[in-house]
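What follows is the residue order along each chain.
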Amino acid sequence: MKKTINLTVNGTAHTVEVEPRTLLVHLIREQLSITGTHIGCDTSSCGACTILINGRSAKSCTILAVQADGKEIATVEGLATAEGLHPIQEGFHLNHALHCGFCTPGMMMRAVEMLERNPNPTEDEIRWGISGNLCRCTGYNNIVKAIQWTSAKMQGKELPSTEPEFV
Amino acid sequence: MIAENFNYDSPSTLAEAFQLLHDYGDDAKILAGGHSLIPMMKLRFAAPTHLIDINNIPGLAYIKEEDGFLKIGAMTREADLEESDLIKAKYHIFGDATKLIADPQVRNFGTIGGNIAHGDAANDHPAVMIALDATVVISGQEGEREVSINDFFYGFYTTAVQHGEILTEIKIPAATGHFGSAYYKAERKVGDYATAGVAAVVEIDENGVCTKAGIGLTNVNPLPMRAERSEAVLVGSKLTEEDIALAAKYAGEDCNPSDDLRGDEDYKRHLVKVITKRMLNQAIARAKK
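Predicted model, so just to flag it, every value in this text is computed and none were measured.

### So, the overall build of chain B
Part 1 of the argument: Tallying secondary structure elements over chain B gives eleven helices and 14 strands in all.
Part 2 of the argument: On the principal axes, the C-alpha backbone points of chain B span a range of 60 × 45 × 30 Å.
Part 3 of the argument: The buried share among the 289 residues of chain B stands at 53%.
Part 4 of the argument: A separation of at least 24 residues holds for 64% of the contacts in chain B among residues at least 6 apart in sequence.

### Thoughts on helix H3 (residues 104-117) of chain A
Part 1 of the argument: Taking 1.5 Å of rise per residue, the 14 residues of H3(A) would be expected to cover 20 Å, and the 20 Å separating its terminal C-alpha atoms lies within 8% of that figure.
Part 2 of the argument: Within H3(A), twelve of the 14 residues are buried, which leaves it mostly tucked inside the rest of the structure.
Part 3 of the argument: Among all positions of H3(A), only A:Thr104, A:Pro105, A:Gly106, A:Met107, A:Met108, A:Met109, A:Arg110, A:Ala111, A:Val112, A:Glu113, A:Met114 and A:Leu115 are buried.
Part 4 of the argument: Tucked into the core, H3(A) has its buried residues touching strand S3 (50-53), strand S4 (56-59), helix H2 (87-94), helix H4 (123-129) and helix H5 (141-154) of chain A together with helix H6 (104-109) of chain B.

### Overview of the interface of chain B and chain A
Part 1 of the argument: Each side of the interface is counted separately: chain B has 22 residues, and chain A has 23 residues.
Part 2 of the argument: Mapped onto the side of chain B that touches chain A, the elements with two or more residues apiece are strand S1 (7-9), helix H2 (37-42), strand S3 (50-53) and H6 of chain B.
Part 3 of the argument: Looking at which element gives the most residues to the side of chain B that touches chain A, the answer is H6(B), with five residues.
Part 4 of the argument: For the side of chain B that touches chain A, a count of residues per class yields twelve nonpolar, eight polar and two charged.

### Some remarks on the domain arrangement of chain B
All names here are of chain B.
Part 1 of the argument: The domain architecture assigned to chain B consists of domain 1 (7-53), domain 2 (63-173) and domain 3 (178-288).
Part 2 of the argument: Computed from C-alpha coordinates alone, the two centres of domain 2 and domain 3 are separated by 19 Å.
Part 3 of the argument: Contact residues are listed per partner, giving 22 residues for domain 2 and 26 residues for domain 3.
Part 4 of the argument: Of all elements in the fold, only helix H5 (92-100), helix H8 (125-132) and strand S8 (153-155) reach the threshold of two or more residues within the side of domain 2 that touches domain 3.
Part 5 of the argument: Ranked by residues supplied to the side of domain 2 that touches domain 3, first place goes to H8 with six residues.
Part 6 of the argument: Along the lines of polarity and charge, the residues of the side of domain 2 that touches domain 3 split into 15 nonpolar, three polar and four charged.

Conventions adopted
- Residues numbered from 1 in each chain as written.
- Chains lettered and ligands numbered in written order.
- Predicted model: local features only at pLDDT ≥ 70, side-chain atom pairs only at ≥ 80, totals over all residues.
- Helix = DSSP H or I, 4+ residues; strand = E, 2+ residues; numbered from the N terminus.
- Buried ≥ 20, exposed ≤ 12 C-beta atoms within 10 Å, placed from the backbone.
- Contact = placed C-beta atoms within 7 Å.
- Expected span 1.5 Å × (residues − 1).
- Nonpolar A, V, L, I, M, F, W, Y, C, P; charged D, E, K, R; others polar.
- Domains from an automatic or database assignment.

Now the structure itself:
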């Protein structure tokens, strides 16, 4: 039996009918056709499906769409504004923090919440903070650098170098 | 992966939730954080016909000291435990444990009540609760009842929570005096179940004598396990290196781990011994601060 739910995605209100077993990620991708949020492992391990629900990062493959009733959802599509890229997007771009890009939407949404709750994380805190997001290309170093760069940018501090390090 | 069909209700009071549980009978399940139940439903290991979502019932998430107890509401998220100032100041064991539970996104949703009510000896909070000598508050249409953590776990996925009831609160004797606690689990990667985990709690008097000791073990026994012989060594002792080594040795001997992909029995017994020693030393150091 379908349920009618109301939710906001990136500021736009939607009223949709879903089966109770519909996963939030399927609602977002298939019913609302907002496909920046990816499905990787489908078992809440990889973090590719990470979105924000009322500001908290969540794995949308392990949350039912009906649980999002009355909630505000943010996906990667909501990061950039008319003024340009979000600082986290700029950080990932300038620091070469992606290769294939599959994990990037989830990685950035996770980083956004982390920096919201802890604007100036240590490297260790960043690595723990993204421990629920898997990247199989970068080896994480540039992702960590991108988050450090974004942290500095968002606090108006001196920006670290974005030159690649050759070891 | 898509779960089998089910009906979904989201009551706004506990009374409504109890009524729904009563009406639907055995096929209803409570949905708390959902990060154990939903994966099981997606894999079709579980197929409840009714889900009763208790996320919209106010008043079930809190962390407070009251009447000599630390009281934690069942719907308190792991992330709230990580961030609580009261927990950070006095109950270090939760900081240790939550950091090792799954990953940040899962901790934003997973609840302490769900972690315990799931009845899985591989989960981390059960051993923590054993070490802390917790009492579980279970509510139903008839009112509330309290069950000691020692009598709470019946078997794999079965606990003292009976049909029609909901776990609503965890009560822990409030930390007083020189109190220290610590938890660690060896895991192969972030988000894995413990290869072996140990929760340790000690209380020490002015003369350095241990007045209370609690040791709980994760995933090395069919049920979450209390290392009773180890605790007995410590209570009344001066917590010398020899006492700690003996307690650690007993913990390794008394657990019942099984061979699996995380390691064989001997390896796990060895891990329990090593981690027990480390966690006791950590708890003692914190108690003396």
